[in-house]
Amino acid sequence: VPSIGYGSFPLFKQWRGAIGFMLHPVAYMKEGYAKHKDSYFKISTLQDEYVIVSDKEKIAEYLAAPDHVLNFQDGANDAVQIPWTMGYGVAHRTYHVPAVRITLTQHIAANIAGMLEQIHEGMDTLIGKPADWVEVPIYDVIVKIVAKVSNRAFSGTLLCQNEQHLNNAIAYAQDVFLSSEIIRAFPNWLKPFLIMLTPIYRRRRLAIKLMGSIVQERLDTDYEAQGKKKPDDMIQWLVDSAPPIERTMPQIVERIMALNVASIHTTTMTLTSALYILGAEWEKYTPILRAEVRQHCEGGEITKQTLGKLVKLDSFLRESGRFNNTGLVSLNRNARKEFRFKDGTVIPAGARVGAPSLAIHNDPQYYLEPEKFDGFRFSRMREESAKPMKHQMVSTDIDYLPFGHGKHACPGRFFAVNEMKLIFANLLLRYDLKLIPGTAPARMFIGTMAIPETKLKVLMRSIPIQKSHAAAEA
Ligand code: HEM
């Protein structure tokens, strides 16, 4: 497999590639994709060497490989040192995946009223009702609202109001990253001890202090025998589905915190990047998106049915996911055993494989004028297609990778998309939002990872709340 940026000097080739990639990650990926679009190329980062698979059919081929050959979890475990930072069980016993994919998704409609309550409370306290334009640190606002909304679905009203828990959940992900970098270079036998000196250890203890009694009560209560109504939230679904070895208070707490890591910053990054785009072209997009929300409100309220009808908003979010992209490489898998493609190319055991998501999302073969943000690209595709659902935000494909694709595609995406639409639609009903003239979000990558713009402030002002068209006409 040909490499990018390794140079011709035989010694230190991989190091040279890694330093070059650190300095010019986007250019390296573009070069590799341009030269080897129908096949493979190799890049080196400071941590790993990746075989990047560019061709759609070859990507499908490696995605179909079983986990004991090309493994999803090993890569994640290694990237943020999950067995030590988030817990051994989180790394090796992933029973939370069906709880998210099936149970959380089935409860979206039932959770809407509670989620709306958190959204309004968050907007009232964090943005208020400014009559004139004010500067708002939008990432900080959205991350807080997302934390409240997600925790409402995870634990009813128990945790979403607890400021200390919300701050702990927001900071948890950052401390997982930081602590993983601190322990990474040491041998595995030392890591259980070293982790106690890192920030994540303190966060885990705080999580146990804040949630321990709630979880313990769930573990101790036999709801059926006592004729009590069983709570219907993520804590309970985890308690009910945990294998016996995981049915302890600290492990269930760990698991809830891991779900906070999986959901809070991912959802916030995706939504704020869409809001930055809205802010850059606010006069073009706001009236159309706002009219759509107003048209489909029921009695002035956004309902699950409303969310299903917001085709233009869905398209705007999906296009933002394509345009902004969450990283340079997706669909990372670690080879536990040698994997052989049909054309004979071999991925040796121990190697990492990935797909060049940024390059794919910007390939004119898949998207007309990919360099342009076209908010209604996907709603038009939906109108023109025999399979309209293929173009909605939750649908993954090899040419649409923000949620991954295949058997490990994000199981939380149904929840996340509804959550983002709920927040976005309510922002449209309550506020105008535009960028401060002369500002724009920064686009940065460290290695293959996209670094979100978290500091940019936007201008917001309150608008008079109108009833829906239907309600107004009635
Ligand atoms: C906009 C928000 C989100 C984005 C962009 C996102 C993105 C992703 C991506 C790219 C993957 C890896 C897929 C692959 O490599 O094939 C993933 C996996 C995962 N996500 Fe999400 N995610 C989001 C929200 C959520 C939420 C809200 C939850 C939970 C409530 C969640 C839980 C998970 C889990 C558990 C996995 C691992 C799946 C497995 O082990 O098979 N995610 N996500």
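Rules used in this analysis
- Residues numbered from 1 in each chain as written.
- Predicted model: local features only at pLDDT ≥ 70, side-chain atom pairs only at ≥ 80, totals over all residues.
- Heavy atoms only, no water.
- Pairing = 2+ DSSP bridges.
- Helix = DSSP H or I, 4+ residues; strand = E, 2+ residues; numbered from the N terminus.
- Contact = heavy atoms within 4.5 Å.
- Axes fitted to C-alpha atoms, helices over the stretch in contact; angles between N-to-C directions.
- Salt bridge = Lys/Arg side-chain N within 4 Å of Asp/Glu carboxyl O.
- Buried < 20%, exposed > 50% of the residue type's maximum accessible area, 1.4 Å probe, protein only.
- Core = buried A, V, L, I, M, F, W, Y, C linked by side-chain atoms within 4.5 Å.
- Domains from an automatic or database assignment.
- Near = heavy atom within 4 Å.
- Polar contact = N/O pair within 3.5 Å; in protein donor to acceptor, adjacent residues only side chain to side chain.
- Expected span 1.5 Å × (residues − 1).
- Buried area = accessible area lost by both parts, 1.4 Å probe.

### A closer look at the sheet that holds strand S2 (residues 49–53)
- Sheet architecture is open: five strands sit in the order S1-S2-S8-S5-S3, paired in mixed fashion. For this open sheet the edge positions go to strand S1 (40–44) and strand S3 (70–71), each flanked by a neighbour on one side alone.
- Note: strand S5 (residues 330–335) against strand S8 (residues 352–355), three bridges, orientation antiparallel. Looking across to S8, one finds that Arg-333 is bridged to Val-353.
- Sitting on the sheet, helix H1 (residues 13–23) touches S1 and S2, and the angle it makes with S1 is about 85°.

### A short note on the pattern of salt bridges
- The full count for this structure, using the stated rule, is 29 salt bridges.
- Across the pair Glu-31 and Lys-35 runs a salt bridge, and its minimum N-O distance is 2.7 Å. A residue pair is termed a helical-turn pair when its members lie 3 or 4 positions apart in one helix, as Glu-31 and Lys-35 do in helix H2 (residues 25–35) at four residues.
- Exposure remark for Lys-35: the relative accessible area of 54% places this residue in the exposed category.
- Glu-254 serves as the salt-bridge partner of Arg-204, at 2.7 Å between the closest nitrogen and oxygen. Linking Arg-204 in helix H12 (residues 199–220) with Glu-254 in helix H14 (residues 249–280), this pair joins segments that are 50 residues apart in sequence. Here the two residues Arg-204 and Glu-254 agree in accessibility, since each one is buried.
- What you see here is one network of salt bridges that share partners, running through Asp-55, Lys-58 and Asp-343.

### Quick look at the nonpolar core
- Residues Tyr-62, Met-234 and Phe-424 are the most contacted members of the largest nonpolar core, which totals 123 residues.
- A total of 16 residues in this core trace back to one element, the largest contributor, which is H14.
- For this core, the two domains that each supply at least three residues are domain 1 (1–79 + 330–356) and domain 2 (80–89 + 109–326 + 364–398 + 402–473).
- In contact with Tyr-62, not counting residues within four places along its chain, are Val-53, Leu-70, Ser-330, Leu-331, Arg-333, Phe-339, Phe-341, Val-353, Gly-354 and Ala-355.
- Tyr-28, Met-29, Val-329 and Ala-450 belong to the second-largest nonpolar core, a separate cluster that totals 13 residues.

### Notes on the site of the ligand
- If you check the shell around the ligand, you find 23 residues, and the closest are Phe-72, Ser-263, Arg-333, His-408 and Cys-410.
- In the model, an oxygen atom of the ligand is placed 3.2 Å from a nitrogen or oxygen of the Arg-333 side chain.
- Secondary-structure elements contributing two or more residues to the shell around the ligand are helix H7 (96–106), H14, S5 and helix H20 (413–430).
- With five residues, H14 is the single largest residue contributor to the shell around the ligand.
- Each of domain 1 (1–79 + 330–356) and domain 2 (80–89 + 109–326 + 364–398 + 402–473) accounts for three or more of the residues forming the shell around the ligand.

### Some details on helix H17 (residues 311–324)
- A rise of 1.5 Å per residue sets the reference length of H17, with its 14 residues, at 20 Å; its end C-alpha atoms lie 20 Å apart and thus fit the reference within 8%.
- The complete set of buried residues in H17 reads Leu-313, Asp-314, Ser-315, Phe-316, Leu-317, Arg-318, Glu-319, Ser-320, Gly-321, Arg-322 and Asn-324.
- Taken together, the buried residues of H17 touch H14, helix H15 (282–296), helix H18 (357–361), helix H19 (377–384) and H20.

### Remarks on the domain arrangement of the protein chain
- Segmentation of the protein chain into domains returns domain 1 (1–79 + 330–356) and domain 2 (80–89 + 109–326 + 364–398 + 402–473).
- Placing a centre on the C-alpha atoms of domain 1 and another on those of domain 2 gives a separation of 30 Å.
- On the side of domain 2, 17 residues touch domain 1, which itself brings 25 residues to the contact.
- When the two sides are added together, the surface that domain 1 and domain 2 hide from each other amounts to roughly 1700 Å², 56% of it contributed by carbon and sulfur.
- Between domain 1 and domain 2 we count zero salt bridges in total.
- The tally of links between domain 1 and domain 2 comes to eleven residue pairs in polar contact (both at pLDDT 80 or more).
- Of all the secondary structure elements, the ones that give two or more residues to the side of domain 1 that touches domain 2 are H2, helix H3 (56–63), helix H4 (72–79) and S5.
- Counting residues per element, the side of domain 1 that touches domain 2 draws most heavily on H4, at six residues.

### A few points about the sheet that holds strand S9 (residues 431–435)
- The three strands are arranged S4-S12-S9 in an open sheet whose pairing can be described as antiparallel. Bordering the open sheet on either side are strand S4 (134–137) and S9, each of which pairs with just one other strand. On average, adjacent strands in this sheet sit at an angle of 40° to one another, irrespective of strand direction.
- Here S9 pairs with strand S12 (residues 457–462) via five bridges, running antiparallel. Within the sheet, the bridge partner assigned to Asp-432 lies in S12 and is Arg-461.
- Docked against the sheet, H14 engages S9 and S12, running at close to 85° with respect to S9.
- Along the sheet, H20 makes contact with S9 and S12, crossing S9 at roughly 100°.

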